[in-house]
Amino acid sequence: MLDKDAVMNIFTGTGAVMRGHFLLTSGLHSDTYIQCARVLQYPEHTAQLVALIASAFKDERIDLVVGPAVGGILVAYEAGRQLNVPALFTEREDGVMTLRRGFEIPAGARVLVVEDVVTTGGSVVEVMNVVKERGAQVAGVGLLVDRSGGSIDFGVRKKAVLTLDVKTYSPEDCPLCRRGMRAVKPGSRGLK
Ligand SMILES: [Zn+2]
């Protein structure tokens with residue numbers, strides 16, 4: 001099982017977590033940028049990281065795993081594989097989080113909800129509501145990255161593989177700008 005340093009090395013080594021000075025699509029500046037797809041492109045890393053979630057819930061009698069598209073699909077798949085249970089995903093239809101494709105969550109099922117990265121946890125709460133509406137029970141929440149510094153409370157047990165306290169700033173009030181660092185758009189060419 002990976003220790004904390006090994007986890008961080010995988011996220012930074014794959015570019016899934018980048019430190020620097022970033023211009024986010026929201027217009028805010030940040031000292032950290034997270035792109036989980038960059039770690040999830042490596043099945044072996046995905047398996048190693050999700051093992052920390054699966055092991056945290058292995059004694060919880062999980063019946064199925066569900067995560068929101070797109071980010072939650074691979075995390076759900078790998079968690080389902082390791083827990084030997086089905087893995088489903090939710091999608092938005094006209095803005096509403098829902099189960100499509102004939103997926104079903106049986107009433108009474110114990111469900112693990114997973115996501116790649118959460119900031120406010122809004123998508124996870126929406127998935128939890130889909131689970132509860134079907135009379136099933138949310139047994140826990142598993143996350144690759146909790147960028148709230150761990151402050152989000154879903155009212156159930158939560159396991160985050162990596163917890164980061166990501167600071168965002170308005171451009172007028174950005175300490176990195178004041179230090180004369182140039183903000184770069186994540187994904188720009190030449191970004192290391
Ligand atoms: Zn700045």
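Just above, that's the structure.
This next bit is on the sheet that holds strand E9 (residues 168–169). The antiparallel open sheet is built from three strands, whose spatial order is E1-E2-E9. The open sheet has two edge strands with one neighbour each: strand E1 (17–23) and E9. In terms of strand pairing, E1 meets strand E2 (residues 29–34) through five bridges, oriented antiparallel. Bridged to Leu 23 within E2 is His 29.

The interhelical angle for the contact between helix H3 (residues 43–56) and helix H4 (residues 71–83), taken along N-to-C directions, is 65 degrees, at an axis separation of 9 Å. One finds that H3 runs roughly perpendicular with respect to H4. Of the two possible hands of crossing, H3 and H4 adopt the one that is right-handed. Between H3, through Thr 46, Ala 47, Val 50, Ala 51, Ile 53 and Ala 54, and H4, the contact on the second element is made entirely by Leu 74, Val 75, Glu 78, Ala 79, Gln 82 and Leu 83. Considering only residue class, the contact of H3 with H4 consists of nine nonpolar, two polar and one charged.

Turning next to the sheet that holds strand E4 (residues 87–93). Picture the strands of a sheet paired through backbone hydrogen bonds; they go either parallel or antiparallel. Spatial strand order, E5-E4-E3-E6-E7-E8: six strands in an open sheet with mixed pairing. Of all strands in the sheet, those bounded by a partner on one side alone are strand E5 (96–99) and strand E8 (158–163). Within this sheet the neighbouring strands show an average axis-to-axis angle of 25 degrees, counted without direction. Where helix H5 (residues 122–133) meets the sheet, it contacts strand E3 (64–68), E4, E5, strand E6 (110–118) and strand E7 (137–146), and its direction lies at approximately 165 degrees from that of E6.

About the thresholds
- Residues numbered from 1 in each chain as written.
- Predicted model: local features only at pLDDT ≥ 70, side-chain atom pairs only at ≥ 80, totals over all residues.
- Pairing = 2+ DSSP bridges.
- Helix = DSSP H or I, 4+ residues; strand = E, 2+ residues; numbered from the N terminus.
- Axes fitted to C-alpha atoms, helices over the stretch in contact; angles between N-to-C directions.
- Parallel < 35°, antiparallel > 145°, perpendicular 65-115°, else oblique.
- Left-handed = near helix turned anticlockwise from the far one by under 90°.
- Contact = placed C-beta atoms within 7 Å.
- Nonpolar A, V, L, I, M, F, W, Y, C, P; charged D, E, K, R; others polar.

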